[in-house]
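Commentary on secondary and tertiary structure
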Amino acid sequence: MRIAIITGASSGIGRAFARFVAEYDAIDALWLVARRRDRLEALSKELPKPVRILEYDLTEQESIHAIRALLEKESPEVGYLINAAGFGKFSTYADLTLQETNDMIDLNCKACVDLTVASIPYMRRGSRILEIVSTSAFQPLPGLNVYASTKAFMLHYTRALRWELWGKGIWATAVCPYWVKTEFMEVAKDTQNGNTVRFFPFASTPQAIARRALRLNRMGVAVATCSVPGMIQRFFTKLIPNCLIMGIWTLTRKL
C-alpha cells in the first residue's frame, strides 16, 4: 500500500495538502496526523481515498514513537511525507513562556526531523518529502524570533537532506510561503504580547500554496516560495544585511 503521511491536517495548509494529494491516483490511502480528531473525521468524509486518523500531539515524544511503531508494523510505502504541523507566537523573548518556546522548537523542528527519519526507510524512488517552512527562515525576525529560527533550522535541514538523498529518487522540498490566510495568526497573537506583529500584507490562501508546492516539488525544486512576495523576499534577503532587514521589519510589522 502506498500512503501519504500529512501532519497538521486538521486545518490550514495541511488540510489543503490532504485534499490535493487525495486526488493523486498513485496514493492508496492517507494517514492524517493532528490533535483535533473531530476535524480529521470531518475531512476524511470529504476525501476520495481511505483515511487513517492519527490523533496525536507531536510535541510529545510518545506520539512520534507510536507513528514509528505503526510504520514498522504495517510497512507501507510512503509516497508522500508532508510535515505541515507547526505554530508560531508573536512575542519577544521576555513575553514567551518556557512552555511556548519549547513547544515551538519541539513541533517545528524535532517532530519534523523525527518523522522524516522514521519515514525515509519506507520510501521508494518517486517518493516525495515536503517540509513546510516559511519565508521567515530567510532572515532573523525580532518579535517572531523563535518561530523564525525554527524555520531557518528546517530550511537548512531540508536542503542538506535533499543532497543526502541524491540518487535515491526521493525528492525533498522546503516549502517557504509568505503570509498565509490560516488560523496561524490567531494562535500567534495568543501570547502575553501578541501585538508585536500586526501587518500581514499579500497573504495567500492555503489552497494556492499547497497546489503550487506540489507542482514545484514534482519539478524537483529545492526551495519553493510559492508566491511573488515570497520570491521577492528571498531575493532581497540575499542582498541586504540582516541588521537593515531587521530595521525594516521593525518599522513595518506594527503598521
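Attention here is on the structure that accompanies the text. (Residues numbered from 1 in each chain as written. Predicted model: local features only at pLDDT ≥ 70, side-chain atom pairs only at ≥ 80, totals over all residues. Heavy atoms only, no water.)

There is a patch of nonpolar side chains on the surface, built from Val 228, Ile 232, Phe 235, Phe 236 and Leu 239 and spanning about 500 Å² of accessible area. As for its placement among the helices and strands, Ile 232 is situated in helix α8 (residues 228–237). (Patch = residues over 30% accessible without salt bridge, like charges linked within 9 Å, V, L, I, M, F, W, Y side chains within 5 Å. Areas by Shrake-Rupley, 256 points an atom, 1.4 Å probe, with all protein chains shown as cover. Salt bridge = Lys/Arg side-chain N within 4 Å of Asp/Glu carboxyl O. Helix = DSSP H or I, 4+ residues; strand = E, 2+ residues; numbered from the N terminus.)

Moving on, we get to the packing of helix α4 (residues 98–119) against helix α5 (residues 145–164). Put simply, α4 and α5 touch, their axes get as near as 9 Å, and they point 15° apart. Taken together, the axis directions place α4 and α5 in an arrangement best described as roughly parallel. Helix-helix and strand crossings are classified by hand; for α4 and α5 the assignment is right-handed. Along the contact surface, α4 presents Thr 101, Met 104, Ile 105, Asn 108, Cys 109, Cys 112, Val 113, Thr 116 and Val 117, while α5 presents Val 146, Tyr 147, Thr 150, Lys 151, Phe 153, Met 154, Tyr 157 and Leu 161. When its residues are assigned to classes, the contact of α4 with α5 shows 12 nonpolar, four polar and one charged. (Axes fitted to C-alpha atoms, helices over the stretch in contact; angles between N-to-C directions. Parallel < 35°, antiparallel > 145°, perpendicular 65-115°, else oblique. Left-handed = near helix turned anticlockwise from the far one by under 90°. Contact = heavy atoms within 4.5 Å. Nonpolar A, V, L, I, M, F, W, Y, C, P; charged D, E, K, R; others polar.)

Now for the nonpolar core. Core analysis: the largest hydrophobic core is formed by 53 residues, its most contacted members being Ile 5, Leu 58, Leu 71, Leu 155 and Trp 179. Sorting the residues of this core by element identifies β1 (2–7), β2 (29–34), α3 (61–74), β4 (77–83), α4, α5, β6 (171–175) and α6 (184–189) as the ones contributing at least two each. Discounting chain neighbours no more than four positions away, the residues touching Leu 155 are Val 133, Ala 137, Phe 138, Ala 174, Cys 176 and Val 223. In terms of nonpolar packing, the next biggest core, distinct from the first, is built from 29 residues, Leu 40, Ile 209, Leu 214 and Ala 224 among them. (Core = buried A, V, L, I, M, F, W, Y, C linked by side-chain atoms within 4.5 Å. Buried < 20%, exposed > 50% of the residue type's maximum accessible area, 1.4 Å probe, protein only.)

Per the stated rule, a full pass over the model turns up nine aromatic pairs. Geometrically, the ring pair formed by Phe 90 and Phe 200 is stacked, given 5.8 Å between the ring centres and 20° between the ring planes. Taken together, the residues span a long stretch of sequence, with Phe 90 in the loop between β4 and α4 and Phe 200 in the loop between α6 and α7 (206–218) at a distance of 110 residues. Here Trp 166 and Trp 171 contribute two aromatic rings whose centre-to-centre distance is 6.5 Å and whose plane-to-plane angle is 85°, an arrangement assigned as edge-to-face. Residue class for Trp 166 comes out exposed when judged on its relative accessible area of 63%. Taken together through their ring pairs, the aromatic side chains of Phe 90, Tyr 147, Trp 179, Phe 184 and Phe 200 make up a single cluster. In this structure, Arg 218 packs its charged tip against the face of Tyr 24, placed 5.1 Å from the ring centre. (Phe/Tyr/Trp six-rings, centres within 6.5 Å; stacked < 30°, edge-to-face > 60°. Lys NZ or Arg CZ within 6 Å of the ring centre and 35° of its normal.)

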